[in-house]
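Structural overview for review
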Amino acid sequence: MASDPLLVRARGLWEELAGVPVSFASAGGVNVVVSPKSALCPPGWLGAVALGGSALMTVPNERAALIVSDALARLSVEVLMDGESVREVLPVARMLGPATLAYVSAEGFRRAGTGAVTVAQLPADHPDLRRLEETAGQQDAGEAALDEITSPAFVVHEQGRAIAAAGYRTWPSRTAHICVLTAPRARGRGLARVAGSAAVSHALGAGLLPQWRARPLASRRVAAALGFTELGSQLSLELA
């Protein structure tokens, strides 16, 4: 798997986001590095990413490195990325994730048919997106992060209102972080797949690597339907 082009590109992205020179461990291992400015997690937290059965972790200081190094003697990659199991060996105050990380190539992409649905391309700051976020609620809107996209927005309307939208934020290493949001009343109709498909197609046309990060099972199913392959997961921890 280590020679998989998707895996190689995905690992390159997260190694760059680590903020200091580091590479993924050999199979089954975890490499730990001190990086106060890591983009794997919020400032002062521990950030862990596992891809292809290997992991890397950034920690904010030497004290955290000592705590983690002691715990890693008893941790496999699978346990490290298990939100509940990691609490048994590390003094966790708060946790974000774990979230799956999935990627797709141009060859593996499965474009969604639109049928009778029309997808409009709008500017990223269009008011329709803000109204959709208000409808979806703060938690879902925050998870989707449509307010952070750098691409155009791809929007499905019904009766003049946006009921689904997608776009992407350009990340380092020519990566497109896909963002998708559907209004609660419109879920279960395949609209996330239609809007997401348009965003992924645009990213691939720009030569970018689409990344789908998800926690809810429904979002993972949408990604799978579009041809994404789950390669690993991401987890952020704040020590007590």
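Relevant structure appears above.
Now for a description of the structure that goes with this document.

Another aspect to go through is the overall build of the protein chain. When helices and strands are counted, the protein chain shows seven helices and 10 strands. By the compact-globule yardstick of 18 Å for 240 residues, the protein chain fits well, its C-alpha radius of gyration being 18 Å. For the C-alpha atoms alone, the extent of the protein chain along its principal axes is close to 60 × 35 × 25 Å. Evaluated residue by residue, the protein chain yields a buried proportion of 48% over its 240 residues.

On to the packing of aromatic side chains. Counting across every chain of the model gives two aromatic pairs. Ring geometry for W14 and W171: centres 5.7 Å apart, planes at 80°, overall edge-to-face. With W14 in helix 1 (residues 5-17) and W171 in strand 7 (residues 161-171), this pair connects stretches of sequence that are 157 residues apart. Neither W14 nor W171 differs from the other in exposure class; each is buried. Between the aromatic rings of W212 and F228, the centroid separation amounts to 5.4 Å while the plane-to-plane angle is 65°, which identifies the pairing as edge-to-face.

Of all eight residues in strand 8 (residues 175-182), eight are buried, a share of seventy percent or more. Side chains of strand 8 alternate between two faces, with T175, H177, C179 and L181 and A176, I178, V180 and T182 buried alike. In the sheet, strand 7 pairs with strand 8 via eight bridges, with the strands oriented antiparallel. Along strand 8, the bridge assignment pairs R169 with H177. Hairpin remark: strand 7 followed by strand 8, antiparallel, with three residues in the connecting loop; positive phi at S173, about 60°.

It is worth spelling out the nonpolar core at this point. L46, M57, L80 and L237 are the most contacted members of the largest nonpolar core, which totals 23 residues. When contributions to this core are tallied by element, the ones reaching two or more residues are strand 2 (46-51), strand 3 (54-59), helix 2 (62-72), helix 3 (77-80), strand 4 (92-103) and strand 10 (229-239). Considering each element in turn, this core owes the most residues, five residues, to helix 2. With residues near it in sequence (within four places) discarded, M57 still touches V30, N31, V32, V33, L46, G47, A48, V68 and L80.

Of note, G113 is situated in the loop between strand 4 and strand 5 (119-122). Note: C-alpha distance between G113 and V194 (81 residues apart in sequence) is 6.9 Å.

With that settled, consider the environment of R11. Positionally, R11 belongs in helix 1. For the pair formed by R11 and A50, sequence separation is 39 residues and the distance between their alpha carbons is 9.0 Å.

Here the largest pocket is characterised by a volume of approximately 1,400 Å³. Along the walls of the largest pocket sit 46 residues, with E143, A144, R213, A214 and P216 positioned nearest its centre. No other element matches the six residues that strand 8 contributes to the lining of the largest pocket.

Let us look at the pattern of salt bridges. Here the structure, examined in full by the defined rule, presents nine salt bridges. Between E143 and R215 there is a salt bridge, with the nearest N and O atoms lying 2.6 Å from each other. With E143 in helix 5 (residues 138-144) and R215 in the loop between strand 9 (209-214) and helix 7 (217-225), this residue pair connects regions lying 72 residues apart in the sequence. Given a relative accessible area of 42%, E143 falls into the partly exposed group. Residues R185 and E158 are paired through a salt bridge, measuring 3.3 Å at the closest nitrogen-oxygen approach. Residue R185 is found in the loop between strand 8 and helix 6 (191-205), and its partner E158 is found in strand 6 (residues 153-158); the two are separated by 27 residues along the sequence. Since its relative accessible area comes to 26%, E158 is described here as partly exposed. Overlapping salt bridges bring together E158, R185 and R189 as one network.

Cut-offs applied
- Residues numbered from 1 in each chain as written.
- Predicted model: local features only at pLDDT ≥ 70, side-chain atom pairs only at ≥ 80, totals over all residues.
- Heavy atoms only, no water.
- Helix = DSSP H or I, 4+ residues; strand = E, 2+ residues; numbered from the N terminus.
- Rg over C-alpha atoms; globule rule 2.2 N^0.38 Å.
- Buried < 20%, exposed > 50% of the residue type's maximum accessible area, 1.4 Å probe, protein only.
- Phe/Tyr/Trp six-rings, centres within 6.5 Å; stacked < 30°, edge-to-face > 60°.
- Pairing = 2+ DSSP bridges.
- Core = buried A, V, L, I, M, F, W, Y, C linked by side-chain atoms within 4.5 Å.
- Contact = heavy atoms within 4.5 Å.
- 1 Å grid on protein atoms, 1.4 Å probe; cavity = no way out; pocket = protein on both sides within 12 Å on 5 of 7 lines; lining within 4 Å.
- Points joined across faces, edges and corners; volume = space filled by probe spheres on them.
- Salt bridge = Lys/Arg side-chain N within 4 Å of Asp/Glu carboxyl O.

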